[in-house]
Amino acid sequence: MSLECIEMQTTPKPGVTLIVLHGLGADGNDFVPIAQELDLAPLGGARFVFPHAPTRSVTLNGGYVMRAWYDIAGPGNPEDEAGLRASQALIEALMAREVERGMPASRIVLMGFSQGCAMTLMTGLRHRERLGALVGLSGYLPLADRTAAERSDANALVPIFMAHGRADPMIPMARATGSRDTLLTLGYAVDWHDYPMEHSVCAEEFADLQRWLQRTLGPPA
């Protein structure tokens, strides 16, 4: 199985790839507008890859079938480890395809919102080649107690941008800051931002992200 994707390029030979993972119940179209919001010309232009998550039954939503990277059963229930690891493999395949197309792993940014944030952190920290950066928006670190044992030395120094809404009713700030603190304890460089918003994104957030990406990645070699 491979993921269906929407792709956009801002230049014929982009200097960076952003793989952007959507949240529960959405699809790749959800974040296509960021291609218009982010100015990545200083990075040599960008290829955006917006994959659609597989469809699956989601326990929290009464078993309704929707696009989801993994199942959610609700507070107090175990995480869907099998679903998380299956999606991790699919995202790994996307990154491998980018390398096959000539994009160095060090110029690949893995980015996600909500469930997509969870998949970004889980997959990126375990990836066996150094990535350019990880961007986690309005999400958390899944299988947090496994991270230390399973993480890859290759991405021990990968820059991480995390952002969250202070009024998020879906994923409370405490869960997000707990994930941030876990990463900091493990030695990761986390650039943390929070904003006066709910479970969403905002213009200030993307302005901060644009500056951070330009500063972190710089132009291609």
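Counting restarts for each chain: residues are numbered from 1 in the order of the written sequence. Confidence filtering applies because this is a predicted model: local features only for residues at pLDDT of at least 70, side-chain atom pairs given and counted only at 80 or more, and all residues used for totals across whole chains, interfaces and linings. Each side-chain value is derived from all of the structure's non-hydrogen atoms; neither hydrogens nor water enter the calculation.

1. Description of helix α2 (residues 81-100)
The end-to-end C-alpha distance of α2 is 29 Å, a good match for the 28 Å that 20 residues give at a rise of 1.5 Å each. Contact definition: two residues touch when any of their heavy atoms are within 4.5 Å. Secondary structure follows DSSP: runs of H or I at least 4 residues long count as helices, runs of E at least 2 residues long count as strands, and numbering of each begins at the N terminus. Buried positions along α2 lie against β1 (5-9), β2 (16-21), β3 (46-51), β4 (55-58), β6 (108-113) and α3 (115-126). In the segment just after α2, glycine 102 is the residue with positive phi, at about 100 degrees. One fewer than the residue count of a helix, multiplied by 1.5 Å, yields its expected span.

2. Quick word on the sheet that holds β3
Two strands are counted as paired when DSSP detects at least two bridges linking them. As summarised here, the arrangement of the seven strands in space is β1-β3-β2-β6-β7-β8-β9, forming an open sheet in which the pairing is mixed. Edge positions in the open sheet fall to β1 and β9 (190-195), since each of these has one partner strand only. Strand-to-strand twist in this sheet, taken as the mean axis angle between neighbours without regard to direction, amounts to 15 degrees. Pairing between strand β7 (residues 133-137) and strand β8 (residues 160-165): four bridges, direction parallel. Each bridged residue has a counterpart across the sheet, and for leucine 137 the counterpart in β8 is alanine 163. Only C-alpha atoms enter the line fits that serve as axes; for helices the fit covers just the stretch in contact. Angles between N-to-C directions range over 0 to 180 degrees. Packing of helix α6 (residues 203-217) onto the sheet brings it into contact with β2, β6, β7, β8 and β9, and relative to β7 it is tilted by some 170 degrees.

3. Examining the pattern of salt bridges
A side chain of one charge can pair with a side chain of the opposite charge if their charged atoms are brought near each other. One side-chain nitrogen of Lys or Arg within 4 Å of one carboxyl oxygen of Asp or Glu is enough to make a salt bridge. Counted under the stated rule, the structure contains 12 salt bridges. Among the ionic pairs, glutamate 98 bridges to arginine 47, the shortest N-O distance being 2.6 Å. With a gap of 51 residues between them, glutamate 98 in helix α2 and arginine 47 in strand β3 connect regions that are remote in the sequence. Each of the two residues, glutamate 98 as well as arginine 47, counts as buried. The salt bridge involving aspartate 181 is made with arginine 180; its shortest N-O contact spans 2.9 Å. Only protein chains enter the accessibility calculation, which uses a 1.4 Å probe; a residue whose area is less than 20% of its type maximum is buried, one above 50% is exposed, and one in between is partly exposed. Residue aspartate 181 is classed as partly exposed on the basis of its relative accessible area, which comes to 37%. Taken together, the shared-partner salt bridges in this structure form one network comprising Glu7, Arg47, Arg97, Glu98 and Arg101.

4. A word on the nonpolar core
Remark: nonpolar core denotes a set of buried residues (Ala, Val, Leu, Ile, Met, Phe, Trp, Tyr, Cys) joined through side-chain atoms within 4.5 Å. Of all hydrophobic cores here, the largest spans 36 residues; its most connected members are Ile19, Trp69, Leu125, Ile160 and Leu183. Secondary structure elements with two or more residues in this core: β2, α2, β6, α3, β8, α5 (173-185) and β9. At six residues, the largest contribution of residues to this core is made by α3.

5. Description of α5
Spacing of three or four residues puts side chains on the same side of an α-helix, whose turn is 3.6 residues. The terminal C-alpha atoms of α5, which comprises 13 residues, lie 18 Å apart, in line with the 18 Å expected from a rise of 1.5 Å per residue. Every buried residue of α5 is accounted for by Ala176, Thr177, Ser179, Arg180 and Leu183. Projected down its long axis, α5 shows its buried positions confined to an angular sector of 155 degrees, all on one face. Of the exposed residues in α5, those oriented more than 90 degrees away from the buried face are Ala174 and Thr185. Summarising the geometry, the arc corresponds to the directions from the helix axis toward the C-beta atoms.

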